[in-house]
Amino acid sequence: MKKNMITGSKLWSIAMITSLLAACSSPATTSTTANAATSTTGTTKTVSVSEQTSVKYADLVSLDADDTNISWSEADSTTIKLNGTTATVTGSGAKAANGSVTISEAGTYVLSGELTDGQIVVNVADKGTVHLVLNGATIHDNDSAAIYIQKAGKAVITLEKGTKNTVSDGKTYVYADATTDEPDAAIFSKADLTFNGAGQLTVTGNYNEGITSKDDLKIISGSISVKAADDGIKGKDMVAIQAGTITIEAEGDAIKSTNDTDTTKGYVAIAGGTFDIQSGNDGIQAETALVTDGGTYNIVTGGGSANAPAKVEEGPFGGGGGGWGGGTPPTDMGTPPDGEPPANMPEMPNNSGTNAGANTNGAATSSSANATTTTTDNNADADTATTATESTSAKAIKAGTDLTVNGGTYTIDSMDDSLHSNNNVTVNDGTFNIESGDDGIHADQALTINGGTITIAKSYEGLEGAIITLNDGDVDVTASDDGVNAAGGETETATNTAASTDSATTATDAATTSNISVTETTGTTSTTDQASQGTATTQQGRGPGGMGGAAASNNEFHINGGTLTVNAGGDGLDSNGSINMTGGTVIVNGPTNSGNGALDYDGTFEISGGYLVAAGSSGMAQGTSDASTQNTIVMTFPATQKAGTLVHVQDSEGNNILTFAPAKDYQTVVVSSPDLAKDGSYVIHSGGTSTGKAVDGLYTDGTYSGGTQVVAFQSTSNVTWVNESGVTTANTGMGGPGGGGQGGFGGGRNRSQSGTTSDSTGTTDSAK
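Observations concerning the overall build of the chain
- The helix and strand inventory of the chain stands at four helices and 65 strands.
- Here the chain holds 768 residues, and the buried ones make up 58% of them.
- For the chain, contacts bridging at least 24 residues in sequence account for 63% of all contacts bridging at least 6.
- Here the chain has roughly 26,100 Å² of accessible surface; of this, 47% comes from carbon and sulfur atoms.

Considerations on the side chain of S690
- The topology assignment puts S690 in strand β58 (residues 689–690).
- The class of S690 is buried, set by a relative accessible area of 18%.
- Looking at S690, its side chain comes within polar contact range of the main-chain nitrogen of G692, at 3.1 Å.
- Not counting the four nearest positions on each side in its chain, S690 is found in contact with L646, T659, Y699, D701, T703 and Y704.

Section: the side chain of T78
- With respect to the helices and strands, T78 occurs in strand β4 (residues 78–84).
- Beyond its immediate sequence surroundings of up to four residues, T78 is in contact with V89, T90, G91, S92, T108, Y109 and V110.

Some points on the environment of T274
- Locating T274 in the fold gives a position in strand β25 (residues 274–279).
- A relative accessible area of 39% means that T274 is categorised as partly exposed.
- Separated by 29 residues in the primary sequence, T274 and T245 place their C-alpha atoms 4.7 Å from one another.
- When neighbours within four sequence positions are excluded, T274 is seen to be in contact with G244, T245, I246 and T296.

Notes on the packing of aromatic side chains
- What the rule picks out here adds up to nine aromatic pairs.
- On the numbers, 6.0 Å between centres and 65 degrees between planes, the contact of Y173 with Y175 is edge-to-face. Residues Y173 and Y175 agree in their burial class; the two are buried.
- When the centroid spacing of 4.1 Å and the interplanar angle of 15 degrees are considered together, the rings of Y173 and Y207 count as stacked.

Some thoughts on the pattern of salt bridges
- Counted under the stated rule, the structure contains twelve salt bridges.
- A salt bridge links K218 to D67; its shortest N-O distance comes to 3.2 Å. On the criterion of sequence distance, the pair formed by K218 in strand β18 (residues 216–219) and D67 in helix α2 (residues 65–68) is long-range, its members being 151 residues apart. Grouping residues by exposure puts K218 and D67 together as buried.
- Connected through shared salt-bridge partners, D64, D67, K154 and K218 make up one network.

Quick word on unusual backbone geometry
- Here E182 and P183 are connected by a cis peptide whose omega angle stands at 5 degrees.
- By the element assignment, P183 lies in the loop between β13 (164–169) and β14 (185–189).
- Of note, D696 is a non-glycine position whose phi angle comes to about 55 degrees, a positive value.
- Inspection of the secondary structure assignment puts D696 in the loop between β59 (693–695) and β60 (698–700).

Topic: the confidence of the model for the chain
- Per-chain confidence: the chain averages 78 in pLDDT, with 69% of residues scoring 70 or above.
- The low-confidence segment residues 1–53 (pLDDT under 50) makes 222 contacts with residues lying over four places distant or belonging to another chain.
- Low pLDDT (under 50) marks residues 733–768, which in the prediction has 158 contacts with non-local residues, meaning those over four places away or in another chain.

Description of the pairing of strand β48 (residues 578–581)
- In terms of strand pairing, strand β45 (residues 556–559) meets β48 through four bridges, oriented parallel. Bridge pairing in β48 links E556 to S578.
- Where β48 and strand β51 (residues 605–607) come together, three bridges link them in parallel fashion. Of the residues in β51, the one forming a bridge with M581 is I607.

Here's the deal with the environment of A598
- Relative to the helices and strands, A598 is located in the loop between β49 (585–589) and β50 (599–601).
- Spatially, the C-alpha atom of A598 lies 8.3 Å from that of M620, the residues being 22 residues apart in sequence.
- Excluding its chain neighbours within four sequence positions, the residues that come into contact with A598 are G572, L573, V588, G590, P591, A614, A615 and G616.

So, the nonpolar core
- L132, I187, F195, I211, L419, L564 and L573 are the most contacted members of the largest nonpolar core, which totals 103 residues.
- Here this core takes five residues from strand β10 (residues 129–141), the largest share from any one element.
- Ignoring anything within four residues of it in the chain, the contact list for I211 reads A185, I187, L193, F195, V203, L217, I224, V226, G232, I233 and K234.

Definitions and limits used
- Residues numbered from 1 in each chain as written.
- Predicted model: local features only at pLDDT ≥ 70, side-chain atom pairs only at ≥ 80, totals over all residues.
- Heavy atoms only, no water.
- Helix = DSSP H or I, 4+ residues; strand = E, 2+ residues; numbered from the N terminus.
- Buried < 20%, exposed > 50% of the residue type's maximum accessible area, 1.4 Å probe, protein only.
- Contact = heavy atoms within 4.5 Å.
- Areas by Shrake-Rupley, 256 points an atom, 1.4 Å probe, with all protein chains shown as cover.
- Polar contact = N/O pair within 3.5 Å; in protein donor to acceptor, adjacent residues only side chain to side chain.
- Phe/Tyr/Trp six-rings, centres within 6.5 Å; stacked < 30°, edge-to-face > 60°.
- Salt bridge = Lys/Arg side-chain N within 4 Å of Asp/Glu carboxyl O.
- pLDDT = per-residue confidence, 0-100.
- Pairing = 2+ DSSP bridges.
- Core = buried A, V, L, I, M, F, W, Y, C linked by side-chain atoms within 4.5 Å.

Put into structure tokens, the structure is as follows:
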């Protein structure tokens, strides 16, 4: 099923790493990053995917000696002893006056004690490096930033080992005039800013942000806790985190980069660390690319997945299109394939869950606001004079261009998408436990999984992208709508989510704006035009009076390896174009309503390797395509079978082809295996038991016994449709009313059907 959700997003890229991404012509089964470029001609969109090497932290971030320098001595430093509203300076380069300390020379400054209402100001004309050592310091300013780096080549803040340090501001700032809007964070820097050391730092941004740098922001080490009225940690040109323990509670975004005018900047790169994030909006957001090499992440956004707005499906005539009564997803996801009781899938409340922030206005003051349905960045950089108004976003990890995950452990409960990119997402490794109020992993263009263990325990749609490729890894998806959805170029809308007023570049402009996406004519894993495939096979409408339906798009889902287990309330595997499977293991527990199918594609489903089993309702059932080189059986039972009832397929010699216990009620089962022969003889049983080991409902080894023979038959095609009477024709797909909003009267979107057209040739065991 396809959502209609109104979105507007800027598509930017990082030109500087184009040279680092070498296109190659290796096969699709290699573990490489897939990037997509798009173009449009009329209403036909073309997407091609090139194989590219992965981007890592070291490709984006370089450190100098100052970044890692934590050493100091009293002899070579200026000491600043804070005492209430005064300070004592011992050494050169700094002066105390009117409750504040101004540093005017490069050097090392060691701060200790408490400043109850004052400011540490760095104003170094020669652009040298200022090294601030927080050696048990508490700094608070009632009406401005507590630490303000006005001018310097670089500022380095070292957290002395064994010390606790605190920096905070007031809820109201006083500025020189009404045109001034900075500083606006408890720690604010106009220069490059680096944190290092082994001490602790607690930052409270009562006015707006916690920590802000107008240039690069790097965290090398340390324990940093931030609580902010808006954003927690913000860097304009980059946010780079090498290690450390980071705890953030932010009403806005937790970690973000903001440069939207220079395509070589505005990225977030993380090598490692421990992150505990609670944010009203996005958890980690990069204006351009986002790269994580490792780390441990616990991220909750927008109050979590239970706080997500309800989704509404729209049919071709507007309004909700059947299925679940206008598209409200079902909450009963059945028994998971491992046989354990499922976690409850609570209905999503109709609110955004974003807490509004309010600041007090005073004379010549500026305030920051957070809205529940829209957010306005009133703190745009003065040198760009840009103000963006965007719809509320509460994604856990979000990139404006490419999102690359090379490793790490992620526990995510997000109101919005858990992993999201306005361009491409590549997962090379990592362990993910995801609960999402929308998509588990979403890419506007290419979504590529090369490894890792991904468990999406809750989502609206599990995996979504214009082109989806599974090369390796273990993926387990639970979705109230589609488990996997290869779709793109849709207009999207969600209940209670305001439309963006951003004049952002649309997804179809990605090829011209993204320097990180490189399209090659060799080594591609997808074709550029599959619309003609809609006429290459028999098109059959779904239901009486169904509309003619849309022709297949160029969206693609490639399965080259790994394991994929899906439990979906909507379609199990859904492609608006085609599906291609060359390897791996795919288990689908599809829908129980006839308005959806375990398999749903508009082009073709060609399988040449791997193992596929898909169980679900019969109304919109599809098998694989006749062009497949691996054989498939599609069995439709005379009545709905209860969840957990074994379906067993064996050949005439008693060899096991399939023993499977679907997690939900089912009537149709699709199985494709290298062990199936085009002219083989097979027997299908229902019920019984197995002594084998079940993984996700699929039994291996052991002995099957006690079942009832449903049918014995001779396969006559590489796609054989079977019912209790024997070999039959492909499903004509009467479907259910509405089909979840995809086809209007009876869900009448055209489907390609494959299978034999011969009369019944099988035999039925009348002794059953």
